[in-house]
Amino acid sequence: MTKKLWGSRFPKKTHILTERFTSSIAYDQRLARYDILGSIAHAKMLGRQRIIKGDEAALLVKGLNSLLTDLKAGKLKIDLKSEDIHSFIQNLLKKRIGGVADKLHTGRSRNDQIALDIRMYIKEEINNLTELLTQLQRSVLRFAIDNKGIIIPGYTHLQRAQCVLLSHLLLAYIEALERDKERLQDARERIDFMPLGSCAFSGTSLPLDRGFVCRQLGFKAATTNSIDSVADRDFIIEVVADLAIISVHLSRIAEDLILWSTQEFNFIDIDFSFCTGSSIMPHKKNPDVLELIRGLSGRIQGDLSSLLVLLKGLPTSYNRDLQLDKPPLFDALDNVKESLEILAELFENIVVKKEAIASHLKDESLFTVDIVEYLIKKGVSYRQAHDIVGRMVKDCLDKGKRISELSVGELKRFSPFLDLEIKHFLDPGVSVELKRSLGGTSPQLVAGRIDYWRRRLK
Ligand code: ARG
C-alpha cells in the first residue's frame, strides 16, 4: 500500500484484507480527470486567498497540469495499491513536486472532493448520453423516412388491432427518446452545484472563496449547506432513474424488433452482422443483440434499487457506504451508452419485408373500427354502431366468411345503414388516411412530424 492520507494517528499498519476491502481505486480511477481539474481550481483559490503562497499555488497547478497531460496521453499509470483516486493523485503529485504537494489538501476533504468529482463526471456524461440519444433518434428517423409509406397491422394486447404507418410507430420511439433527453437536462440543473469547500461536513475556519472555485469549474452556483454537500446523492439516484427509464424504452424497442423478426410476424430482416447463431441448431439466426439490450434493462433497474437501498438507512452526513454509489452508477451509464450505440447502428441494418407485411393486411378485422366510425357519421350512436359491427364480425367468423364477401342483403340484416359502400373501408391505405385527428397516423400528419423531427435533429 502507498502512504495513507491519515496514517500518522494509527499505531500500526492496516490489515491487508482491510486495505483491499476499503479500496475504491479499481473503479473510481475513472474520475482522475475531474479530481485533477478540481484540485487545480482549489490550488488556484488557495493562492488567491493567501491561504498558501502564490508560488506554492503555481507549483501545485504546474504539477497537477503535468498529471493531466500524462493522463490525456494515456501515460498515467494508475497504482491499484492506492486507497482511492484522491490518494493516488495526491501521492503522485508529491513524487513530482515534493513537499509543497502537502498543501493541496488545505481546506477540503475527500468527502467534498468525491462529491465534486462525481458531479463533474455526471455533467459530462449527460452530454455524451444526450449525443447518443440524438444519434439513435436520427437513425430511427432515417429508417422511418426510408419506409415512409409502409403500413403495418398495429397491435394492442399483442392482438391485431388497426392499421398504422410503420413510420408513425417509429416516431413514437423518437418522442420517448426526446423525453429521455429532457429528463437528463432537468437532472443536470440540480447537479450543477459545486460542493468543494464543505470539507469533512461542517465547513472550515480557513478563508476559502468557494465562489471562485465554482466559476473556475463552470458550475451554476456553490452548494449552500456543508452537511448536505457531502451527504447528498440524490443526483446520482436521479440520473440512474433516468437511465433506468431510458433502458426501459430501449428494451421495448428491442422487444418490438425481436417480435417483428420472428417467422410468425415476418415484418423485418435484421442483418447477419447484428445476429448470432446456435451451436446446436444450424438453421438459427438469433437477435441476440436486441435480447441483451432487453436483458440489460433488468440489470439497470437493479442498479437503481441498489442505490436507493444504499441511501435509505444512512445518517445524514458522509458515511463510507457512499463509496458504493459508484459501481451501480458506472454500470448503468456504461450499459445504457453501449446499448444506445449498438441500437443506432442496428437500425441501419434492418430490411422491411413489404410483401410479407402486405399479406398480414388482408385481415379485414383490421378495419372494423373504420366501419363503426362510418356508421357514426351516418347518425348511428356509438354503442349501436359497435354492436352492429360486432354482430357482423361474429357472423363472418361463424360462417368462415370475409366482410368483403357479404352481399347487400346480408349487410342490411345487421343494419339498414350498412351497404356496399363499406367495402371502400377494407383498405389499409384508406384506413390510415382517415386518421387525421391531431397525432393520428394519416400519411399527411406523419409526413409533417417527419419534417419536424428532421429539422429538430439536424
Ligand atoms: N473513496 C471515498 C468515496 O468514494 C471517498 C473517501 C472518503 N473517505 C473517508 N474516509 N472519509 O466515497
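All figures in this text were calculated on a predicted structure; none of them were measured in a lab.

### Some points on helix α15 (residues 382-399)
Reasoning step 1: Its 18 residues give α15 an end-to-end C-alpha distance of 26 Å, which sits within 8% of 26 Å, the value for a rise of 1.5 Å per residue.
Reasoning step 2: What α15 keeps buried is the set Ala 385, Ile 388, Val 389, Met 392 and Cys 396. Looking down the long axis of α15, one finds its buried residues gathered within 85 degrees of arc, a one-sided arrangement. Among the exposed residues of α15, those oriented more than 90 degrees off its buried face are Arg 383, Lys 394, Leu 397 and Asp 398.
Reasoning step 3: In this structure, the buried side of α15 is in contact with α14 (368-377) and α16 (408-414).
Reasoning step 4: Note on α15: the residue one or two positions beyond its end, Gly 400, has a positive phi of about 65 degrees.

### Thoughts on the site of the ligand
Reasoning step 1: Taken together, the residues surrounding the ligand are Ser 24, Asp 84, Arg 110, Asn 111, Ile 114, Tyr 318, Arg 320, Gln 323 and Lys 326.
Reasoning step 2: Take Asn 111: an N or O atom from its side chain is 2.8 Å from a nitrogen atom of the ligand.
Reasoning step 3: Taking Tyr 318, its side chain carries an N or O atom lying 2.6 Å from an oxygen atom of the ligand.
Reasoning step 4: Burial of the ligand by the protein amounts to 87% of the accessible area it has alone, namely 350 Å².
Reasoning step 5: For the shell around the ligand, the leading source of residues is helix α6 (residues 110-146), giving three residues.
Reasoning step 6: Each residue belonging to the shell around the ligand can be placed in one class, and the counts come to two nonpolar, three polar and four charged.

### A closer look at the state of the cysteines
Reasoning step 1: Under the criterion given, the structure shown has zero disulfides.
Reasoning step 2: Here Cys 199 stays free of any disulfide, with the sulfur of Cys 214 as its closest cysteine sulfur at 16 Å.
Reasoning step 3: Residue classification places Cys 199 among the buried residues on the basis of a relative accessible area of 7%.
Reasoning step 4: By relative accessible area, which is 5% here, Cys 214 ends up buried.

### Side note on the pattern of salt bridges
Reasoning step 1: What the rule picks out here adds up to 33 salt bridges.
Reasoning step 2: Among the ionic pairs, Arg 183 bridges to Asp 180, the shortest N-O distance being 2.8 Å. Taken together, the positions of Arg 183 and Asp 180, both in helix α7 (residues 166-191) and three residues apart, correspond to about one turn of that helix.
Reasoning step 3: The class of Arg 183 is partly exposed, set by a relative accessible area of 24%.
Reasoning step 4: The shortest N-O distance in the salt bridge between Lys 220 and Glu 189 comes to 3.2 Å. Taken together, the positions of Lys 220 in the loop between α8 (210-216) and β4 (221-222) and Glu 189 in helix α7 put the pair 31 residues apart, joining distant regions of the chain.
Reasoning step 5: Residue classification places Lys 220 among the partly exposed positions, given a relative accessible area of 44%.
Reasoning step 6: Given the relative accessible area of 47%, Glu 189 is considered partly exposed.

### A closer look at the pairing of strand β2 (residues 159-165)
A regular strand places its side chains on the two faces of the sheet in alternate fashion.
Reasoning step 1: Pairing between strand β1 (residues 151-156) and β2: five bridges, direction antiparallel. Residue pairing for β2: Ile 152 is matched across the bridge by Val 164.
Reasoning step 2: Count of turn residues in the β1/β2 antiparallel hairpin: two residues, of which His 157 carries a positive phi of about 55 degrees.

### Digging into the nonpolar core
Reasoning step 1: Residues Ile 122, Leu 243, Leu 257, Phe 347 and Met 392 are the most contacted members of the largest nonpolar core, which totals 135 residues.
Reasoning step 2: With 15 residues, α6 is the single largest residue contributor to this core.

### Overview of the packing of aromatic side chains
Reasoning step 1: The full count for this structure, using the stated rule, is nine aromatic pairs.
Reasoning step 2: For the pair Trp 260 and Phe 267, a centre-to-centre distance of 6.1 Å together with 35 degrees between the ring planes defines the contact as tilted.
Reasoning step 3: For Phe 267, a relative accessible area of 2% gives the class buried.
Reasoning step 4: The rings of Tyr 155, Trp 260, Phe 265 and Phe 267 are connected pair by pair, giving a single aromatic cluster.
Reasoning step 5: When the ring centre of Phe 330 is taken as reference, the NZ or CZ atom of Arg 30 above it lies at 4.1 Å.
Reasoning step 6: Taking the ring centre of Tyr 452 as reference, the NZ or CZ of Arg 449 above it sits at 4.3 Å.

### Here's the deal with unusual backbone geometry
Reasoning step 1: The phi torsion at His 157 lies on the positive side, around 55 degrees, for a residue other than glycine.
Reasoning step 2: Mapping His 157 onto the fold places it in the loop between β1 and β2.
Reasoning step 3: Residue classification places His 157 among the exposed residues on the basis of a relative accessible area of 74%.
Reasoning step 4: The phi dihedral of Cys 199 falls on the positive side, at around 60 degrees, and the residue is not glycine.
Reasoning step 5: Mapped onto the elements, Cys 199 comes out in the loop between β3 (193-194) and α8.

### Let's talk about the side chain of Asp 117
Reasoning step 1: Looking at the element boundaries, Asp 117 is found in helix α6.
Reasoning step 2: With no salt bridge to any partner, buried Asp 117 finds its closest opposite charge in Arg 108, at an N-O distance of 7.0 Å.
Reasoning step 3: Apart from the residues lying within four places of it in its own chain, the contact partners of Asp 117 are Leu 31, Tyr 34, Asp 35 and His 86.

### Examining the packing of helix α3 (residues 32-48) against α6
Reasoning step 1: Where α3 meets α6, the axes come as close as 9 Å, and the angle between the chain directions of the two elements is 120 degrees. When the axis of α3 is compared with that of α6, the two are oblique. At the point where α3 passes α6, the crossing takes the right-handed sense. Only Gln 113, Leu 116, Asp 117, Met 120, Tyr 121 and Glu 124 of α6 make contact with α3, whose side of the interface consists of Arg 33, Tyr 34, Asp 35, Leu 37, Gly 38 and Ser 39.

About the criteria used
- Residues numbered from 1 in each chain as written.
- Predicted model: local features only at pLDDT ≥ 70, side-chain atom pairs only at ≥ 80, totals over all residues.
- Heavy atoms only, no water.
- Helix = DSSP H or I, 4+ residues; strand = E, 2+ residues; numbered from the N terminus.
- Expected span 1.5 Å × (residues − 1).
- Buried < 20%, exposed > 50% of the residue type's maximum accessible area, 1.4 Å probe, protein only.
- Arc of directions from axis to C-beta.
- Contact = heavy atoms within 4.5 Å.
- Near = heavy atom within 4 Å.
- Polar contact = N/O pair within 3.5 Å; in protein donor to acceptor, adjacent residues only side chain to side chain.
- Areas by Shrake-Rupley, 256 points an atom, 1.4 Å probe, with all protein chains shown as cover.
- Nonpolar A, V, L, I, M, F, W, Y, C, P; charged D, E, K, R; others polar.
- Disulfide = S-S within 2.5 Å.
- Salt bridge = Lys/Arg side-chain N within 4 Å of Asp/Glu carboxyl O.
- Pairing = 2+ DSSP bridges.
- Core = buried A, V, L, I, M, F, W, Y, C linked by side-chain atoms within 4.5 Å.
- Phe/Tyr/Trp six-rings, centres within 6.5 Å; stacked < 30°, edge-to-face > 60°.
- Lys NZ or Arg CZ within 6 Å of the ring centre and 35° of its normal.
- Lys, Arg positive; Asp, Glu negative; His and termini not counted.
- Axes fitted to C-alpha atoms, helices over the stretch in contact; angles between N-to-C directions.
- Parallel < 35°, antiparallel > 145°, perpendicular 65-115°, else oblique.
- Left-handed = near helix turned anticlockwise from the far one by under 90°.

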